[in-house]
Amino acid sequence: QVQLVESGGGLVQPGGSLRLSCAASGMTFSSYAMRWYRVAPGKERELVASIGSAGPYTNYADSVKGRFTISRDNAKDTVYLQMNSLKAEDTAVYYCAAILPMTTMNPIWGQGTQVTISA
């Protein structure tokens, strides 16, 4: 069974940090590019960060550049999102997604994890 499970969300004060994890199972994880998205209240889904399947390629939304870092550990079938200097506007449900490059397959989605930034 192909599955992505996010963890690491929670309530943090502005300026704080969180590390989200997304553990994959039932798939050849190293073949997939991975992305983190977020959905904030009343807003559309936003692509936050991307990382290539094997190489060092990463990309970030302008809103998180310099504050968030995406990484992956293919030995652990896990992708991470390190979030620093968190702001109230980072409050959202964060989802990881797996994309198989060079195919038309739909992304595989996790169930999401809530991140709330509040004093």
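Bear in mind that the values here come from a model prediction, so they are computed numbers and not experimental data.

Enquirer: Honestly, the overall build of the protein chain in this entry has me stumped. Any pointers?
Expert: The secondary structure content of the protein chain amounts to zero helices and 11 strands. When the helices and strands of the protein chain are placed in sequence order, the string is β-β-β-β-β-β-β-β-β-β-β. A compact globule built from 119 residues would reach a C-alpha radius of gyration of about 14 Å, and the protein chain, at 14 Å, matches this within 12%. Considering only C-alpha atoms, the protein chain reaches an extent of 40 × 25 × 25 Å along its principal axes. Looking at the 119 residues of the protein chain, the share that counts as buried comes to 42%. Pairs at least 24 apart in sequence give 54% of the contacts found in the protein chain among residues at least 6 apart.

Enquirer: Explain the pattern of salt bridges here, please?
Expert: Close approach of charged atoms allows side chains with opposite charge to pair. Taken as a whole and judged by the stated rule, the model has four salt bridges. Among the salt bridges present, the one from arginine 38 reaches aspartate 90, with a minimum N-O distance of 2.9 Å. Here the residue arginine 38 occupies a position in strand 4 (residues 33–39), and aspartate 90 occupies one in the loop between strand 8 (78–83) and strand 9 (92–99), the gap between them amounting to 52 residues. On the accessibility criterion, arginine 38 (5% relative accessible area) is buried. Through salt bridges with shared partners, a single network forms among Arg38, Glu46, Arg67 and Asp90.

Enquirer: Is there a simple way to think about the state of the cysteines in this case?
Expert: The bond known as a disulfide is covalent and runs between the sulfur atoms of two cysteines. For the structure shown, the criterion picks out one disulfide. The disulfide bridge from cysteine 22 ends at cysteine 96, spanning 2.0 Å between sulfur atoms. When the S-S torsion is 55°, as for the bridge of cysteine 22 with cysteine 96, the disulfide is right-handed. Note that cysteine 22 is positioned in strand 3 (residues 18–25) and cysteine 96 in strand 9, a separation of 74 residues in sequence. Since its relative accessible area comes to 0%, cysteine 96 is described here as buried.

Enquirer: Sorry, what's going on with the pairing of strand 3 here?
Expert: Here strand 1 (residues 3–7) runs beside strand 3; their pairing, made up of five bridges, is antiparallel. What sits directly across from glutamate 6, in strand 3, is cysteine 22. Examined bridge by bridge, strand 3 and strand 8 share six bridges and lie antiparallel to one another. The residue of strand 8 that forms the bridge with cysteine 22 is valine 79.

Enquirer: I tried to follow the nonpolar core on my own but got confused; where do I start?
Expert: Nonpolar side chains in soluble globular proteins tend to end up buried together. One finds Leu4, Met34, Trp36, Leu81, Met83 and Tyr94 to be the most contacted residues of the largest nonpolar core, which totals 31 residues. Only strand 3, strand 4, strand 5 (46–51), strand 7 (68–73), strand 8, strand 9 and strand 11 (113–117) provide two or more residues apiece to this core. Those residues in contact with leucine 81, other than ones at most four positions away along the chain, are Leu18, Arg19, Leu20, Trp36, Val48, Ala49, Phe68, Thr69, Ile70 and Tyr94.

Rules used in this analysis
Residues numbered from 1 in each chain as written. Predicted model: local features only at pLDDT ≥ 70, side-chain atom pairs only at ≥ 80, totals over all residues. Heavy atoms only, no water. Helix = DSSP H or I, 4+ residues; strand = E, 2+ residues; numbered from the N terminus. Rg over C-alpha atoms; globule rule 2.2 N^0.38 Å. Buried < 20%, exposed > 50% of the residue type's maximum accessible area, 1.4 Å probe, protein only. Contact = heavy atoms within 4.5 Å. Salt bridge = Lys/Arg side-chain N within 4 Å of Asp/Glu carboxyl O. Disulfide = S-S within 2.5 Å. Pairing = 2+ DSSP bridges. Core = buried A, V, L, I, M, F, W, Y, C linked by side-chain atoms within 4.5 Å.

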